[in-house]
Amino acid sequence: MRIGLIGYGRMGQAVERVATARGHTIAGVLRRETPPEVRLQIAQQSDALIDFSLAEAVPANVALALQTRTPLIIGVTGWDAQREAVAQQVQAAGGSVLYAPNFSIAVQVFLQQAVSLAAQLLTLEGWDVALEEIHHRGKSDAPSGTARALASRLQHALNHTRVAQYPVPADHRLPDAQFAVGVVRLGSEFGTHRLMLDGPYDWIEMTHRAKSRDGFAYGAVRAAEWLVGRTGFFAFAEVLHEILTLKEER
């Protein structure tokens, strides 16, 4: 494939490394200062676009992808409030968009297993739960998109009998119907997510820690390979099984 990169920060560069290793080529890079005519040209020459830019740029990038009918992978976080409007826009235009707050395949499996485990144990008496995420100092959104996804799935699995709380109240105790989501910003940490369960007789902890950004890039490239030739608005987690069963052509 010819892949157009939207943004060329650390994630964009990781996507370039992984895509090239998988035999793809980079059609071009769309930066904030890229002239509109050049953006259009790169999008038209691309088999897919992968966006790791900024949340505020998502609507414009979706519009460009729909204009050129180029499949778009969105790895940006912090645009949740616009998701429903974007979904309607993509469906109405017959476009192709796939998004995720975290494109690590291991994280997606972690989310599934963590929610399943917590949902089972929290039906028992005396069990409590909390989440924690750690990221580098430069991360702009908090909690992370992955932590929000984990909290949302857990709330849904528990029929909203417990609700995520961030930040934790400074002037009163946390009600029993709420669970804390802790946030740490530290150095150059790629990303750590932790589920903690405390029971009367047991403590269980599940942790995912990213070793580099290449795992996120790998998932995004695999998603782009799957998306080409399809139309719709897809969540990575919902189509992960299909992506993983795609025959590898190496």
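Described in the following lines is the structure provided in the data block.

Procedures and definitions
Residues numbered from 1 in each chain as written. Predicted model: local features only at pLDDT ≥ 70, side-chain atom pairs only at ≥ 80, totals over all residues. Heavy atoms only, no water. Pairing = 2+ DSSP bridges. Helix = DSSP H or I, 4+ residues; strand = E, 2+ residues; numbered from the N terminus. Right-handed = clockwise from strand over helix to strand, strands pointing away. Phe/Tyr/Trp six-rings, centres within 6.5 Å; stacked < 30°, edge-to-face > 60°. Buried < 20%, exposed > 50% of the residue type's maximum accessible area, 1.4 Å probe, protein only. Polar contact = N/O pair within 3.5 Å; in protein donor to acceptor, adjacent residues only side chain to side chain. Contact = heavy atoms within 4.5 Å. 1 Å grid on protein atoms, 1.4 Å probe; cavity = no way out; pocket = protein on both sides within 12 Å on 5 of 7 lines; lining within 4 Å. Points joined across faces, edges and corners; volume = space filled by probe spheres on them. Nonpolar A, V, L, I, M, F, W, Y, C, P; charged D, E, K, R; others polar.

1. What to know about the pairing of strand β2 (residues 25–30)
Bridge count between strand β1 (residues 2–6) and β2: five bridges; the pairing is parallel. Among the inter-strand pairings, Gly 4 is bridged to a residue of β2, identified as Gly 28. This β-α-β element, β1 to helix α1 (residues 10–21) to β2, shows right-handed connectivity.

2. Remarks on the packing of aromatic side chains
Under the criterion given, the structure shown has five aromatic pairs. Considering the side-chain rings of Phe 52 and Phe 103, the 6.4 Å spacing of their centres and the 75 degrees angle between planes classify their relative orientation as edge-to-face. Pair noted here: Phe 52 is in the loop between β3 (48–51) and α3 (58–68) and Phe 103 is in the loop between β5 (96–99) and α5 (105–121), with a separation of 51 residues, a long-range link. Seen from their ring centres, Phe 103 and Phe 236 are 4.8 Å apart, and the 50 degrees between their planes marks the pair as tilted. A residue pair is termed long-range when its members are at least 10 positions apart, and Phe 103 in the loop between β5 and α5 and Phe 236 in helix α8 (residues 236–244) qualify at 133 residues. For Phe 236, a relative accessible area of 1% translates into the label buried. Connected via pairs of aromatic rings, a cluster forms that spans Phe 52, Phe 103 and Phe 236.

3. Side note on the side chain of Asn 102
Considering the arrangement of structural elements, one finds Asn 102 in the loop between β5 and α5. With a relative accessible area of 6%, Asn 102 lands in the buried category. Here Ser 104 takes part through its backbone nitrogen, which lies 2.8 Å from a polar atom of the side chain of Asn 102. Other than its neighbours up to four places away in sequence, Asn 102 contacts Val 107, Gln 108, Thr 146, His 193, Phe 216 and Phe 236.

4. Quick look at the layout of surface pockets
The calculated volume of the largest pocket comes to roughly 1,000 Å³. Listing elements by their share of the lining of the largest pocket, those giving two or more residues are α1, α3 and α6 (145–157). Considered class by class, the residues forming the lining of the largest pocket number 15 nonpolar, 15 polar and eight charged. Looking at the second largest pocket, its volume works out to about 430 Å³. Lining of the second largest pocket is provided by 19 residues; of these, Arg 83, Tyr 99, Pro 101, Ala 149 and Arg 153 occupy positions nearest its centre. Only α6, β11 (232–235) and α8 provide two or more residues apiece to the lining of the second largest pocket. A total of five residues in the lining of the second largest pocket trace back to one element, the largest contributor, which is α6.

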